[in-house]
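Observations on chain architecture
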Amino acid sequence: QVQLVESGGGLVQAGGSLRLSCAASGRTFSSDAMGWFRQAPGKEREFVAGIRWSGSYTYYADSVKGRFTISRDNAKNTVYLQMNSLKPEDTAVYYCAAGPIATIRASDFRSWGQGTQVTVSS
């Protein structure tokens, strides 16, 4: 099992930017696909962005495409989510997750962080 810890959340005005980080520890991190998910109050957890272990393939939810960028640094055991042009509807708790394959299904990811709150004010 890999342990994941997110950081970088906070309060930002609409149109602003935040960069989330997810630090991994435990077993080998570099072989995992990584994903970012989010959950707003009263809503189900939804996929945001994913990246294959090599970093060569990234994919996004339509709602964030063109605004968010996922990346990873395997040497630092860290995955990032750069969020630009933030909107109030991006407000949620953001979670990173690790799993064996690059999918959008939360059930395919085996390890989860505790989440970091992102709040976008209008």
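Description of the structure in this document. Per-chain numbering applies: the sequence of each chain, read as written, is numbered from 1 onward. Given that this is a predicted model, residues contribute local features only at a pLDDT of at least 70 and side-chain atom pairs are listed and counted only at 80 or more, while totals for whole chains, interfaces and linings are drawn from all residues. With hydrogens and water excluded, all non-hydrogen atoms of the structure serve as input to the side-chain values.

Turning next to the pattern of salt bridges. One speaks of a salt bridge when a side-chain nitrogen belonging to Lys or Arg is within 4 Å of a carboxyl oxygen belonging to Asp or Glu. In the structure shown here, the tally under the stated rule is five salt bridges. The salt bridge partner of R38 is D90, with a shortest N-O separation of 2.9 Å. Taken together, the residues R38 in strand β4 (residues 33–39) and D90 in the loop between β8 (78–83) and β9 (92–99) connect sequence positions 52 residues apart. Here R38 and D90 have matching classes, each one buried. We classify D90 as buried; its relative accessible area is 1%. Overlapping salt bridges bring together R38, E46, R67 and D90 as one network. The helix count covers DSSP runs of H or I at least four residues long, the strand count covers runs of E at least two residues long, and both are numbered beginning at the N terminus. For every residue, the accessible area (1.4 Å probe, protein chains only) is compared with the maximum for its type, and the residue is labelled buried under 20%, exposed over 50%, or partly exposed between those bounds.

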